[in-house]
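# Structural overview for review
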Amino acid sequence: MIKKTILFFVATFISLASWAGGKSLVVTFDNGTTQTFLLSDKPKVSVADDKLIVEAAATTMQYTLNEVKTFTFAEVSSGIDGLAAGYDITKEGDAIIVSAQVKVEAYTADGKEIGIQYTHDANRTIISLSSLPNGLSIVRVGALSVKIVR
């Protein structure tokens, strides 16, 4: 009940925030994954039926409240420089190629871990996107999280 009350006040605050600029809303889950929403997209946040619901940029995400660890704001950089991870990431056909051997994890939009096929080849990681289910998935490549819609 306390968690619902806190999330309600945070949701109300977001609705009133007009200083969206370079800020983002970051939802962190118990499993360590995060989901980021730019405040410039004017996300609407609500709580219903033990779920945190975020509507932003024509996307609606629902998360079970007991899986949400924190709900905070953060500065975001503009441009691709904010994605620097110490390696290059490219897309070739239905695969993502990372110029380093990194750990790869994938999650559904509601934070549940899903399997993803990847291999290490010399000094690269090759991630098969065809192994992801249809819909929105979050793929964590090393310390970087990427949203992918199939």
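Below or above, wherever it landed, is the structure these notes cover.

Cut-offs used in this document
- Residues numbered from 1 in each chain as written.
- Predicted model: local features only at pLDDT ≥ 70, side-chain atom pairs only at ≥ 80, totals over all residues.
- Heavy atoms only, no water.
- Helix = DSSP H or I, 4+ residues; strand = E, 2+ residues; numbered from the N terminus.
- Buried < 20%, exposed > 50% of the residue type's maximum accessible area, 1.4 Å probe, protein only.
- Contact = heavy atoms within 4.5 Å.
- Pairing = 2+ DSSP bridges.
- Axes fitted to C-alpha atoms, helices over the stretch in contact; angles between N-to-C directions.
- Phe/Tyr/Trp six-rings, centres within 6.5 Å; stacked < 30°, edge-to-face > 60°.
- Polar contact = N/O pair within 3.5 Å; in protein donor to acceptor, adjacent residues only side chain to side chain.

### Points about the overall build of the protein
Broken down by element type, the protein carries 1 helix and 14 strands. When the 150 residues of the protein are sorted by exposure, 35% land in the buried category. Residue pairs in contact within the protein that sit at least 24 positions apart in sequence constitute 48% of those at least 6 positions apart.

### A closer look at the side chain of S137
Tracing the sequence through the fold places S137 in strand 13 (residues 136–141). S137 has contacts with Y107, I114, L132, V146, K147 and I148, leaving out every residue within four places of it along the chain.

### Thoughts on the sheet that holds strand 3 (residues 44–48)
Strand order in the open sheet formed by 3 strands is 3-4-5, and the pairing between neighbours is antiparallel. Single-partner strands in this sheet number two, and they are strand 3 and strand 5 (59–64). Going from strand to strand, the sheet's axes swing by 20° on average, the running direction of each strand aside. Across 6 bridges, strand 4 (residues 51–56) lies against strand 5 in antiparallel orientation. When the sheet's bridge partners are listed, E55 is paired in strand 5 with T60.

### A look at the packing of aromatic side chains
A full pass over the atoms with the stated rule returns 1 aromatic pair. Ring geometry for F29 against Y63: centres 4.9 Å apart, planes inclined by 55°, an arrangement best described as tilted. A residue pair is termed long-range when its members are at least 10 positions apart, and F29 in strand 1 (residues 23–29) and Y63 in strand 5 qualify at 34 residues. Y63 matches F29 in its accessibility class, with the two residues each being buried.

### So, the pairing of strand 13
Two elements, strand 9 (residues 104–108) and strand 13, share 5 bridges in a ladder whose sense is antiparallel. Paired with V104 across the strands is V141, a residue of strand 13. Here strand 13 folds back onto strand 14 (residues 144–149), and the loop between the two strands holds 2 residues, one of which, G142, carries a positive phi near 60°.

### A closer look at the sheet that holds strand 10 (residues 113–114)
Judged by pairing direction, the sheet is antiparallel, and its 4 strands sit side by side in the order 10-9-13-14 without closing on themselves. With partners counted over all chains shown, the strands left at the sheet margins are strand 10 and strand 14, one partner each.

### Considering the environment of V47
With respect to the helices, strands and loops of the structure, V47 is situated in strand 3. Counting along the chain gives 17 residues from V47 to T64, while the straight-line C-alpha distance between them is 9.7 Å.

### Description of the side chain of T125
Among the structural elements, T125 can be located in strand 12 (residues 124–128). Judged by relative accessible area, T125 falls into the buried class, the value being 0%. From its side chain, T125 meets the backbone nitrogen of V102 in a polar contact 3.0 Å long. A distance of 3.2 Å separates a polar atom in the side chain of T125 from a polar atom in the side chain of H120. With near-sequence residues (within four places) excluded, T125 lies in contact with I96, I97, V98, A100, Q101, V102, V104, Y118, T119 and H120.

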